[in-house]
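# A look at the structure
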Amino acid sequence: MEFLLSILTGLLFAAGVYLLLHRDFAKLVMGIVIIGNATAIFIFVAGRIVRKSAPFLDEQGVAPDTFADPVPQALILTALVIGFGIQAFALLLFKKVYDIPDIEEVDDLKK
Amino acid sequence: MKSFILIISARVIVPVMLIFSVFLLFRGHNLPGGGFIGGLTAGAAFVLHAFAFGMESTFKALRIRPVKIIAIGLLLSFLSGVIGLVTGEGLFKGYWLDWDVSFLPKLGSPFLFDVGVYVLVMGIVMVIIFPNIQEDS
Amino acid sequence: MLICILSVVIIAFLVPLLHRFLGNKTAFALAILPFTIFVWLLIQYLNNSASFPLKELYKWNPYFHLNLAFYLDGLSLLFSLLISGIGTLIYIYAGFYMKNAAYYSRFFMILTLFMASMLGLVLADNWLVIIVFWEMTSITSFLLIGYENEQEKARAAAWQGLLVTASGGLALLAGMVLMAIVTGEYSISGLAQYSGLLTEHNLYLPILLCVSFGAFTKSAQVPFHFWLPNAMAAPTPVSAYLHSATMVKAGIYFFARFSNSLGNTIEWQILLCTVGSLTMVTGAVMAFRSDNLKKLLAYSTISALGIMVVTFGIGTEAAIYAGIAYIIAHAFYKSSLFMLAGIIDKQTGTKLLSELPQLLYRKLPLAFVLVLTAAFSLGGIAPFFGFVGKEMLLEMTLGAPFYSMALTVVILLVGTIFVAILLILTHKAFFKKATDKKTDLQQVPKFFYLAPAVTALAGLFFGLFPDALSDLISQASISIDQELPPKHLALWHGWNLALLLSIFSIIAGVGLYYWNIKKSYELQSEFLKKFTPSAIYDKLFNGMLRLAEWQTRKIQTGYLRYYAMFTSLTILLLTGFTFLFKAGIRLNIATIDIYVFEVLLGIIVMMALGFTLITRSKIAALLSLSIVGIAISIIFLEAGAPDLAITFFLIDTLTITIFVLILHKLPKKIIAKSIFAKYRDAFISLGIGLLVTLILFSLTYHPLDSRLKAYYAENSYTLAKGKNIVNVILVDFRVLDTFGEIIVLAIAALGVFALVNFSKKKKKNRTL
């Protein structure tokens, strides 16, 4: 699964950067969102992947034989929520920018 | 933009979502769930409420401004850290109560922290999304 | 010693306050400060010289070897005596010179700061601290040269001085870092024991070049000498203090300091002797040709600095003594001459020799006598201290182990020109017969002459009784080379070769003066002017500005996507380069396992992504983006991370919700990229994607053996009473991190809050 996910992460990054270089606001923010997601998966893959066994202990508090690494999961979980905050902030900022007359695309910010 | 279907379904879904979010929070210590997930769910429930009934009624139902909710959440989390300080173990050192309630997780400072996260994330979802709805109604 | 420096710094910042109460008397009050230090140093010298070197150490940041270490031995004593002693006189002098000046308190504040940094420079032992003080002297010098900030010329000169000396500072830093790498030693006093290691090391030449580059720039050696004459735009007290007596000698101080660790190699000798000889001849010739009194003195300073560099380049016993004696002699006569030049300027209103009024010696008899006294020392005429210095120099070159003849000839040549300069300063300046201009002399207070008189008479006194300085010079020499025997200076050495050469140079100098006075020649052609170091500096400076302007225009376009593009390209190039050449591509084929379900998921993600990229409808792009999100959360679920899956799903939903809410506010049309931009961006983004994939392949090449994972699995139930390890990490093991993260979240939310309420201040019921 790491092999597949590595390729997928690369594709996500490529798509994200491509959108980031766009002149359109909406696409730009989409790029930010995709890069955020891609980063999460990047960290996840770097922490190695164990299929279908979540890091939970059984009733007696004993760990199963194999289970996914909880550390990157904990890292990503908070990162995702923070990423959400940042994305929302960016979106609102862009909305505010649009309230200014004469601004229709990213390039107009130069004015 | 009030839709009849939305209102009827929201009446059922919002309370269910809220209860489910609390359920997620409670079981978070042992099974998937926790403060972040629960808070997001609860926030989403209020957002749905606002969609269906309009912002005004949501604020009326909340009785408290979302920014204050964030503050309360942060305060709760911080207090959970102070508990350790009071018992002399050090900031954020875990402290558990002795008694167990079957449907509750093990009560203690980490749980309080999780509750704080829950409240905070709920408030954040509202603060972030509400201004976008506001201008429509 | 720390207290010394610190008190000077503190008082420096109190100067404006003092000025408010004392007015024009501030300078005289401030003169007490260096005088106290001078007396303290003298007491140390008289009472404690047996226990030299005195050391002081305050821990600042030991982890970086950064200690406030100070060190008082003969050499630093000599320099700090010069700094504080001449400093005292300069304050008195400047008190008259700067009277009612526009920026009086600013001037004295910076001057005091300069004194503090100069004292720090010669007293510090830790080289990190030395660098700090070194840069401080550069900066204060910059501020003082640019004192008359309304003059274009002064500003340009200040810039020039700063850039030249600061680039030297950078080189010095590099050299020091290299030395620390080689030896692991951070104190200057400890370097001597590594002399062998340093001179044998592969890095010796780079170290030597870096350190010398720093010292050469500071001490205005060819080809970096041009900043010093330009620095004469500063007020005269500054020229007398910084640019003749103290700061420019910092480079010499370094050569003296390092001669026991880096010196006595062929490279050292060749480098220092060549540069020093070139400098002394260039300086002397330029001085001889100058009409401006201050420039003349500046060039002769350059020449004298060249002489000092040569002495430490030769590095024999006689050379070290000669060098140190010459430092003292030069400090006396040059500061005196500068101060007198300032007084003459004040009185006659001109710095140009050709514009001085006729028969000046009658009008300014006191100035004439003092100039005569100091200039005799400069010319090396008995019984002045300059004579003692010159004798020692000749002895040194005659006894030099290499190129004895050549060095002697150079020294003689310079000595001859110096004699001619002596005549220019006395005869040409004061006995001029006719002049076109009528100037009225300004009256100055008699005490104005006090400071130059003290230094000029000191030159005479120590010339008559040179033995008084023997001990000090011996002390200083011992700190350069511990095996040197104490030396006794004497005015009269008997009839020897040095004396004969000395007399020869005096006669030749007089001849040169009279020959030149009849001939006025124009040597400088336009062609040569283009290649003077100063012109090259100007070219470099302007070129740099143009380059910066061009580069800023290219990169800082103001278009957001170009910023993003340059950032991406930089990441691509730097990371890619490092990755390919340092790590290399690795792929563990054995771990490739492909499940149909996962491949299907991947295909869905790819299709949705592609659709997001190409569609022209915003809603469609958004919907396909949400498909990507859902697919990713299923992947998380598959990979044993249900918590992540749920969180991701929720956040994806909420983000899309906000997007939809905002979308209809945005302009409807999607702006398409041009064909060229499409290919270019595709190239960049695919490059980054490929790089990420390859990095992940290499990262996952070996299975990860995480001790953290085992630790959490073992302890999360026993210590934290939870079975969901992820949650336990979040709310218990790493709770402080999570706390920090939720604070960040709260701040982001506050940002949104502020953004929303910013434009709605008037609205009464803020609901959020």
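Residues numbered from 1 in each chain as written. Chains lettered and ligands numbered in written order. Predicted model: local features only at pLDDT ≥ 70, side-chain atom pairs only at ≥ 80, totals over all residues. Heavy atoms only, no water.

All names here are of chain C. Size it by volume and the second largest pocket reaches roughly 770 Å³. As for the second largest pocket, its lining consists of 37 residues, of which Gln151, Ala154, Met232, Ala233 and Ala234 are closest to the centre. Elements with a minimum of two residues in the lining of the second largest pocket: helix 6 (152-183), helix 9 (227-230), helix 13 (293-314), helix 14 (317-348) and helix 23 (533-555). The greatest single-element share of the lining of the second largest pocket, amounting to 8 residues, is contributed by helix 6. Here the residues of the lining of the second largest pocket sort into 17 nonpolar, 8 polar and 12 charged. (1 Å grid on protein atoms, 1.4 Å probe; cavity = no way out; pocket = protein on both sides within 12 Å on 5 of 7 lines; lining within 4 Å. Points joined across faces, edges and corners; volume = space filled by probe spheres on them. Helix = DSSP H or I, 4+ residues; strand = E, 2+ residues; numbered from the N terminus. Nonpolar A, V, L, I, M, F, W, Y, C, P; charged D, E, K, R; others polar.)

Residue and element names in this part refer to chain C. Residue position: Ser259 is located in the loop between helix 11 (250-258) and helix 12 (266-289). As a C-alpha pair, Ser259 and Ile320 span 61 residues in sequence and 9.7 Å in three-dimensional space. In this structure the side chain of Ser259 is engaged in a polar contact, spanning 2.9 Å, whose partner is the backbone oxygen of Ala256. (Polar contact = N/O pair within 3.5 Å; in protein donor to acceptor, adjacent residues only side chain to side chain.)

With that settled, the discussion passes to the packing of aromatic side chains. A full pass over the atoms with the stated rule returns 45 aromatic pairs over all chains. Where Phe3(A) meets Phe697(C), the ring centres are 5.4 Å apart and the plane angle is 10°; that geometry is what we call stacked. Of this pair, Phe3(A) sits in helix 1 (residues 2-20) while Phe697(C) is found in helix 28 (residues 675-699), placing the two residues in two different chains. Above the ring of Trp134(C), the side-chain terminus of Lys218(C) is found at 4.8 Å from the ring centroid. The side chain of Lys709(C) reaches across the aromatic face of Phe67(A), ending 5.1 Å from its centre. (Phe/Tyr/Trp six-rings, centres within 6.5 Å; stacked < 30°, edge-to-face > 60°. Lys NZ or Arg CZ within 6 Å of the ring centre and 35° of its normal.)

A few words on the pattern of salt bridges. All names here are of chain C. According to the stated counting rule, one finds 5 salt bridges over all chains in the structure shown. Here Asp737 ties to Arg734 by a salt bridge, and the two come within 2.9 Å at their closest N and O atoms. We classify Asp737 as partly exposed; its relative accessible area is 36%. (Salt bridge = Lys/Arg side-chain N within 4 Å of Asp/Glu carboxyl O. Buried < 20%, exposed > 50% of the residue type's maximum accessible area, 1.4 Å probe, protein only.)

Time to look at helix 19 (residues 450-464) of chain C. Here helix 19 of chain C is 15 residues long and its end C-alpha atoms lie 21 Å apart, about the 21 Å a rise of 1.5 Å per residue gives. Along helix 19 of chain C, the residues that are buried comprise Ala451(C), Pro452(C), Ala453(C), Thr455(C), Ala456(C), Ala458(C), Gly459(C), Phe462(C) and Gly463(C). (Expected span 1.5 Å × (residues − 1).)

This part covers the packing of helix 2 (residues 25-46) of chain A against helix 28 of chain C. One way to put it is that helix 2 of chain A packs onto helix 28 of chain C with a least axis distance of 9 Å and a crossing angle of 20°. In this view, helix 2 of chain A runs roughly parallel relative to helix 28 of chain C, as classed from their interaxial angle. Seen from above, helix 2 of chain A lies across helix 28 of chain C with right-handed handedness. Residue-level contacts link Phe42(A), Val45(A) and Ala46(A) of helix 2 of chain A to Val692(C), Ile695(C), Leu696(C) and Leu699(C) of helix 28 of chain C. The residue makeup of the contact of helix 2 of chain A with helix 28 of chain C, split by class, is 7 nonpolar, no polar and no charged. (Axes fitted to C-alpha atoms, helices over the stretch in contact; angles between N-to-C directions. Parallel < 35°, antiparallel > 145°, perpendicular 65-115°, else oblique. Left-handed = near helix turned anticlockwise from the far one by under 90°. Contact = heavy atoms within 4.5 Å.)

Attention now moves to the pairing of strand 2 (residues 66-72) of chain C. All names here are of chain C. Judged by how many residues are buried, strand 2 sits mostly within the fold: 7 of 7 residues are covered. Burial along strand 2 is two-sided: Leu66, Leu68, Phe70 and Leu72 facing one way and Asn67, Ala69 and Tyr71 facing the other are all buried. Sheet analysis places strand 1 (residues 54-61) next to strand 2, joined by 7 bridges and oriented antiparallel. Counted as the bridge partner of Tyr58 is Leu68 from strand 2. Between strand 1 and strand 2, which pair antiparallel one after the other, the connecting turn spans 4 residues, and His65 there sits at a positive phi close to 60°. (Pairing = 2+ DSSP bridges.)

What follows concerns the environment of Thr217(C). All names here are of chain C. Counting through the fold element by element, Thr217 comes out in helix 8 (residues 204-218). A relative accessible area of 0% places Thr217 in the buried class. The spatial distance from the C-alpha of Thr217 to the C-alpha of Leu228 is 9.7 Å, given a sequence separation of 11 residues.

For the rest of this paragraph, the subject is the interface of chain B and chain C. At the interface, 45 residues of chain B touch 40 residues of chain C. For the pair chain B and chain C, the summed buried surface comes to about 3800 Å²; carbon and sulfur atoms form 74% of the total. Our enumeration of links across chain B and chain C arrives at 0 salt bridges. Where chain B touches chain C, the interface holds 5 residue pairs in polar contact (both at pLDDT 80 or more). Broken down by secondary-structure element, the contributors of at least two residues to the side of chain B that touches chain C are helix 2 (35-53), helix 4 (66-87) and helix 5 (109-134) of chain B. For the side of chain B that touches chain C, the element with the highest residue contribution is helix 5 of chain B, accounting for 17 residues. Residue classes in the side of chain B that touches chain C are distributed as 30 nonpolar, 10 polar and 5 charged. (Buried area = accessible area lost by both parts, 1.4 Å probe.)

All names here are of chain C. Mean pLDDT over chain C: 85, with 95% of residues reaching 70 or higher. Scored below 50 in pLDDT, residues 520-525 makes 6 contacts in the model with residues more than four places away or belonging to other chains. Note on the complex model: pTM 0.67, ipTM 0.92. (pLDDT = per-residue confidence, 0-100.)

The subject of this paragraph is the nonpolar core. Side chains of a nonpolar character, in soluble globular proteins, are inclined to be buried together. Judged by nonpolar contacts, the single largest core of 198 residues is most densely connected at Phe108(C), Phe254(C) and Phe258(C). When residues in this core are grouped by element, the largest group, 20 residues, is from helix 14 of chain C. Contact partners of Phe254(C), with chain neighbours within four places excluded, come to Leu121(C), Ile130(C), Trp134(C), Leu172(C), Met176(C) and Ala215(C). Counting 137 residues, the second largest nonpolar core, distinct from the first, contains Leu92(A), Ile632(C), Ala641(C) and Phe648(C). (Core = buried A, V, L, I, M, F, W, Y, C linked by side-chain atoms within 4.5 Å.)

The interface of chain A with chain C comprises 81 residues on the first partner and 95 residues on the second. In total, about 8400 Å² of surface goes out of reach between chain A and chain C, with carbon and sulfur atoms giving 77% of it. Considering only the surface of chain A that becomes buried against chain C, Tyr18(A), Leu21(A) and Arg48(A) emerge as the three largest contributors, covering 9% of it. Across the chain A-chain C interface, the total number found is 0 salt bridges. Inspection of the region where chain A meets chain C yields 10 residue pairs in polar contact (both at pLDDT 80 or more). Within the residue set of the side of chain A that touches chain C, elements represented by two or more residues are helix 1, helix 2 and helix 3 (70-99) of chain A.

Turning next to empty space enclosed by the protein. Residues and elements named next belong to chain C. According to the stated counting rule, one finds 7 cavities of 30 Å³ or more in the structure shown. Of the voids in this model, the largest cavity is the one considered here, and its volume is about 110 Å³. In terms of lining, the largest cavity is formed by 14 residues, of which the most central are Tyr326, Lys390, Leu393, Gly415 and Phe418. Elements supplying a minimum of two residues to the lining of the largest cavity: helix 14, helix 16 (365-379), helix 17 (385-398) and helix 18 (404-430). At 4 residues, helix 18 tops the list of elements feeding residues into the lining of the largest cavity. Residues belonging to the lining of the largest cavity are distributed by class as follows: 8 nonpolar, 5 polar and 1 charged.

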